Every structure is written in C-alpha cells, then in structure tokens.
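Residue-level structural notes
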Amino acid sequence: MKRTITIFASILFVLTSCSQKPERMEETLTNWRISPSSEITDNGNIISSAAYNDSDWIGAEVPSTVMGIISEHPEYENILTPEAYYEANKAKFNNSWWYRTQFEANEMQQHNTTLLHFDGISYSANIWLNGKLIAASDSISGSFRRFEFNISNWVTSGTNTLAVEVFRQRDGDFGLGFVDWNPRPLDENMGIWRPVTVETVEKIQIKNSYVRSEVNTQTLDEAWLTTGATLKNFTNKQVDGALKITFNGKQYEYPVSLPAAAEREITLTHNDIPGFYVENPDLWWSNGLGEPHLHQMDIEFTAGNKMLDSENIEFGIREIESYFNETGKRGFKLNGKEILIKGAGWTDDIFLRDTPESNELQVQYVKNMGLNTIRFETVWGTTSDIYSQCDRNGILAMVGWSCQWEWENYLGKTCDDFGGASTEEDFDLLTDYLRDQILWLRNHPSIFVWLVGSDMLPRPELEKRYIEIFEKYDDRPWLGAAADRTSELSGPTGVKMHGPYEYVGPSYWYIDKKFGGAYGFNTETGPGTQLPVKKSIERMLPEDKRWPLNEYWNKYCTTSATALNSMDVLTNAINQQWGKAESFDEYVMKGHLVNYEAIRAMFEAFRANRPQATGVIQWMLNSAWPSFYWQLYDYYMVPTPAYYGTKKALEPVQLVYNYRNHTIAAVNEQMQAHENARATITLYDASSNKIKEYQKVVTIPANGNIEFAEIGKPDETTLLFLELEDKNGNKISDNFYWISEREEKYKWEETNWVYTPMEQHADYKALNNMKTASVTINAQMISETRIEVELNNSSDVVSMFNQLKLHDSEGEWIIPAFYSDNYFSMAPGGRKTIDIELPKNSKGDLWLEISGFNTTTKSIKL
C-alpha cells in the first residue's frame, strides 16, 4: 500500500527495506545538536539556515530520545533512583524540542534525485530544510511510521541544514510505552528515535527488496527462493535496463523496462532465476537445533552498462509453520520440526539508550541460557540491529504491538474489549504502522510470528486491514492477540496469557491444567520477583534502606496500581519455606533460593509436558531500569540466580524432577536420540545422610521426552542429585533439587490475573541446620578468554547453592563472564568442573570467589 501526500514538499509515504545500499548512495546523518524550544525565540526558517549559531545547544546523536541525551548531564546523574526520578521536572518536555544537523551535498546529488528518510520520530514533528518547511506535524505523526521525502528541489551543493521540531506523545496517541514494567519515561520517549538518512538516486531506485524461502520439510535437501522489490523511475523518460541478481557465487539478469515516473513491483521465482532452486541448502535453525546459516543476495539495476542502484539482502533459508496440537493449542514448526518456544520478554532501556554492544551481550545471554526466543511486545529497537543479532545467534523473535494501546490508564483514551483503536483515523495509522514495520523487518529470518494485539484482538474492521497487509507483504504466521481469543475473521489464537505474573510454587506448573500451567503456549508468565545479586541490590538501595526490609524496596517493584508492587509475596514465600530472614544477607540468599527453584520448575515443566506444552515466554527477560521484578539479568547486565535456574532447566538433554507425581523424566530437544543413557539418582536427607542411590538405563527419543523413574513422595526434607551419562560414560548433564515432605497447596478458587495464591508452601527449614561444607578450588587460564575451574567438596556434607564470582583486584565483578554452571550444589566428596568464558579485553589480576548456602567463602588469585 502506498500513499502520497503533498505538504510543502513531495512527501512519499513509502519505505526503504532493511536491505543495505552502497555508502555512496546513502548517508546516515550524524553530529546533531538539540535544544528545548522554550529557550529559543527563533523559528524553523531561521534555525534551518546555514548561518544559524547553535553552539550553545546540546551535542547529540541520532537515534536518540531527549532524555537519552540529557541523562548524561550531571543534573541527571542519579536519575534512576526513585527519589530523583519521581521528583524530576517533566514540564520541560511539554513543549517541543529541536534537533539540528548539517550535511554536505555534492554536484552529483544536485543533478539527481535526493531523498530524505526518517525511520522513526516520537511522536510528531515539523521538518525544515534550508529555511523551508517541508513537512508539518499534522501529517508527520506516529512513532512507528517511516517517512521518505523527495528533497531534490531544496538541497543545495555544499552545506545543507536540517532542523526538526519534535513533539512528545499525548494522551490517546499510539506511541511507545512500557506499561507497568517500570515508570513512564519522563519525556515519553520524545525524539528522533531511529536513524535519519539521505539517499541519492540516479534515475532508478530499488526499495523494499525481500527474499522468501520454501523448504522441502520432509527431506530438507531442497529449497525454493522468491525475491522481489519495488523499482521507481524518477525521470520523465522510459528507462530500459536489467535487474542483476547475485547469489551463491552466480549472477543472473532479468530485463526490466520502467515507463517515465513509473513504479513497478518485481517478483522473481525459481522459474525466472534457475539459481533460486537450491539443492542441499544451508538452513537457518534456532538455538539448540543447528546453525543459523545466513545468506547474501545482491540486487542491482543496470542500464547502459551502468549500475544505477543496488541493495544487499541478508536472509535465512527456513520455513516457519503454525499448527494446532491434539488439544487445540497452537505450536510452531521450524523447517518441519516441532519446536518448543522457550523465551522471555524484551524491553528497551527506559530512555532508549541501547547500543549494538548492549544488544549483542543480551542476545548472547539469551543464547547462553538455552532460550530460543525473545518476545518483543512493541517493535523495539532504535535500529534493526537487535533483530540482526537474533538472526546471527539463532534466536526466534515474536514481534508486535503492546497492550499499552488496549488499556485506558496507559493509552489515555477510552478502551473497550478491542482496545483503544476505534476510529477510521486510528485504523489508518495502525495499518500504516504495520505495513511500515513489516517492510522494514521482513528479511529477518528470526522473526517467526507477528502479533497485532496483546491482551485483546483488534477490532474486526482493523483486523481486516491487517489481513490485507499480511497477504500483500509477508507470508509468515501472525496472531490476532497473545491471549486466548477467538476472532470472527481469523479464528482462535490458540495461545494463552493467563499468568501467573507473581510467585507460585514449583508444583503449580505441573498441577494446573486451567490457567497458566505447563500446557499449550503461554505467551507471558513468570514467578514474579527475581532479585538481582547482592552487589546490584547495594547499588540500588542506600545503606540505611537495606535492612530491615522497608517500603523503599517496593519502589523498585512494578508500577502496577493493583498488584506486583511490593516485596510481600516473595517475603511470605521466604518466611514459609525457609524461615524469616534476620539480616540483609540472609534475605538475599533465601530470596535467591526461592527465585532459582521457581523459574527452573517453570521451564522444566513445559519441557517435560511436551507435546501438550508448545511454548512459554518468561515475563520478562531484562529491565528498563533497576528493578526487583521480572528479569533474568538485571539492569546492570549482571545475571540473576534466575538466569542460572533457567540455564539449568534448558540444558539440551536434561533430567527433570516432577513436583506433582515425584517422577523423573529425561527431556531431549536435540534431533538425535540418546540410546542406553545411564541416569544416576541419589537422595540425601537434610543432614547429608545418603538415603538411596540407584541407576537406570534409559533411551531418550529425539526431540522428545520420557518419564522413566519414580522416587515417591518424600517423608522428610530430601536432597536429590540427578546425573546423566551417555552409553560410553561421558557426562551429559546434572541437576539438583531440595524437596519438602510438606505438600504445596493452592487456593484455586481465588486465582486472578496476577497469580493463584498459596494455601500452603513447601517447608525447607530443616536445611537451615546444615553443617558447613568446604570446597577446594583450582583454576587455570586455558586461554586469554577461558578459565577452567576444578571444584572438590572435601567435606562429608552436601555443599549447597554455591556461587562463583570472578572479580578484579578492586572487587569489581567481571561482566560479562559466562559460567557453564552457577548456583550449583555438590554431594559429599563430589567433584565438578566449570568453564568460564571471558571477554577478550579482560586485563589485570583476577580473583575467583566461591560462596554458598552452607559453604565457607574462599577466594583464589588466578
């Protein structure tokens, strides 16, 4: 769909694809400066003149938000503390802010077509170039719109000045937002939040290019490609030429004629290009299933032996399918293989300050945990980099709209059962949004499903428009909502969003068959509070606020007005299970035990309950600001204990304890079976006396699971060690559980959107009397980026819940450091080897410390 409006200039509401053009044809604008309009008396005509002096403006770069820029200033040094944040002056953002930059144009640009692209403005803007208003805020509006302007009549040879007056979103605007995950951004994320580029077109422009693939999912030995693009002739004469396609080391030509001022859609299949039939293709696989192979395709338009425009497309050969299992729950297939979606929900930084480096680290964390999916509730990312990171690392992406547009207290306008979009104007805007984002992102193989709603379906009139967009522009699955809904147009979503969002016991996931338990695809859920490590908590809490527990802690919970806004549920779980904490350190340790156990059980239950279970998204992955809730690593990029609980649960082949029926299952998400594997099951009492040890030989099916042993309901607090070896005696995985004789009970009749309250918790208080264990550490640098750690529990008691910490001589943790296991336990006399992967730039003296629930703290220098 294309829409052309003339407002002071030719504004083409069309898009460039996420493909790349040569540098000589496209330049990203840098070296910006910003200023609040309240401090400026001049108008846009003067500000966008070359002679205007902006030396007293604030230096900036784009993409950015206003707060993202000024948060670096001393005035905002402690802005992410509750007292500073909630008392900050937001009035300065009620008026507009100016962005200003300059760029050079040469003689070639003057004699060709020059286009100006904005990939994202939040929320509306007046745009001036060289003293001319080329677009006004009544049309340049909407955070997820992308705009292209033909500025050929206004660009000059030499220095050109661009000035953009930006206005923040207001109540009722369909903009960016964070719902209840953290406070609203002070500036409502106003700014130029995605790149601005200038493109030079010599006669012909290639845009919106794409590659789609179809795979023989039975044999995986052949695939068929389709490519397409839009060609635009900017001259008043017909241009005869050819599309040159370079793929897999071969070049192909396809003749094309474009009449004067014409725009033409070109689609090429294997019938047009012989090389688009691919034998034995290198396929794109998700994390854990194989390599995420990526391919390159170059598309050029040539006329008279001259290349006029080109794009490079990076893509993956893969096929995504959606299916319904025997119980009517939706699942997904990748290249014909059923996959269990194991993911977590992403948020950008509160001021949209993520960088390619921070994106890369976070995707590495996702991969390291064994997750295969990120849910982007909002089309996050100030650039497409986060999606490229997913492509390269085999991380699937769920991408779509946020529930902030569906609830009146977030959107700021009346909402009903279809959310807040209710007028033709709303429908026009959101349809444009969807088209723009699909055309921007559709070449990313990681994106496996679009979501056009979260908690609610779109209104039928709007959904009909969405369907037309999908039919025209993309072929992958889409969902009308992330919740269990049935559309009169598209049928049942087949997924659920029943919570819980707060702590529930580990047995919940195995017992529940009505709400959020381990069946079907739960698109957002999780056990609530997930405490950071002690050092991060100390960064968040002033010393006088750490202990005893007080209301200040609650300021770092969610901003929900109805629930999830205090430490009460976690504190109750600690008190009931482990006994009341008497110190800050004790509270943190017991909270970590609760967090680790809760998240591990959730992921393990979904794995053990396949094929009835098809997917689960932990709510959430990360935090937009310092938080105690919903995170697998904290705002400072430090993994939480829940990170390692997730990692333990998601080892490719693992032994899992079922908290409901006290059985042991072997789960395997690899595509090959493990025949005659040997499982060792060892049980100890709370005093570390061995109760029982036995072995079982088990064959674990490929991409499946099998229940093979039953340990029975314990009659005392029990410590359970599980270890799996292959038929040759090589270790595959291990696991460890603390199990209570007291059964967990739930108040099912009181279940609400937040959680199911607990009537009775497990009781682990007997473990508080464990004797002290001593673990010896030996570590050596295998390379400049790898440490091998040998651990030996030299005592006659279980060494429980041990954490390794690598730090420098000043006590600062080395972040990132990827531990093959952490928060681990060791049987009496047990040995364990842990690998630590370090960043390449680690320098200076390193110290390795071990501490645990009942383990003597030790440090060694490496």
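First, a word on what this report is: a plain description of the structure on this page.

Observations concerning the packing of helix H14 (residues 584-608) against helix H15 (residues 641-649)
Contact geometry of H14 with H15 gives a least axis separation of 8 Å together with a crossing angle of 30°. By the angle class used here, H14 and H15 are roughly parallel. Crossing angle aside, the handedness with which H14 passes H15 is right-handed. Residues His592, Tyr596, Ile599, Arg600, Phe603, Glu604 and Arg607 of H14 pack against Pro641, Ala642, Tyr644, Gly645, Thr646, Lys648 and Ala649 of H15.

Description of the nonpolar core
The nonpolar side chains of a soluble globular protein tend to be buried, and buried together. Counting 262 residues, the largest nonpolar core has Phe118, Ile127, Trp738 and Met800 as the members making the most contacts within it. Broken down by element, the residue count for this core peaks at 14 residues, all from H14. Excluding residues within four positions of it along the chain, Trp738 makes contact with Trp578, Leu593, Tyr596, Glu597, Thr718, Leu719, Tyr764, Leu767, Met800 and Phe801. In terms of nonpolar packing, the next biggest core, distinct from the first, is built from seven residues, Ile40, Ile47, Tyr52 and Trp57 among them.

Details of the sheet that holds strand S47 (residues 831-837)
With antiparallel pairing, the four strands of this open sheet are ordered in space as S42-S43-S47-S45. At either end of the open sheet lies a strand with only one pairing partner, and these are strand S42 (775-783) and strand S45 (818-819). Note: S42 against strand S43 (residues 786-793), eight bridges, orientation antiparallel. Bridge pairing in S43 links Ala779 to Val789.

Examining the state of the cysteines
Here, disulfide denotes a covalent bond that connects the sulfur atoms of two cysteines. All told, the structure shown has zero disulfides when counted by the stated rule. Cys403 takes part in no disulfide bond, and the closest cysteine sulfur to it belongs to Cys415, at a distance of 10 Å. Taking the relative accessible area as the measure of exposure, Cys403 reaches 9% and is therefore buried. Looking at Cys557, it has no disulfide partner, and the nearest cysteine sulfur is the one in Cys403, 19 Å off. Judged by its relative accessible area of 2%, Cys557 falls in the buried class.

About the thresholds
Residues numbered from 1 in each chain as written. Predicted model: local features only at pLDDT ≥ 70, side-chain atom pairs only at ≥ 80, totals over all residues. Heavy atoms only, no water. Axes fitted to C-alpha atoms, helices over the stretch in contact; angles between N-to-C directions. Helix = DSSP H or I, 4+ residues; strand = E, 2+ residues; numbered from the N terminus. Parallel < 35°, antiparallel > 145°, perpendicular 65-115°, else oblique. Left-handed = near helix turned anticlockwise from the far one by under 90°. Contact = heavy atoms within 4.5 Å. Core = buried A, V, L, I, M, F, W, Y, C linked by side-chain atoms within 4.5 Å. Buried < 20%, exposed > 50% of the residue type's maximum accessible area, 1.4 Å probe, protein only. Pairing = 2+ DSSP bridges. Disulfide = S-S within 2.5 Å.

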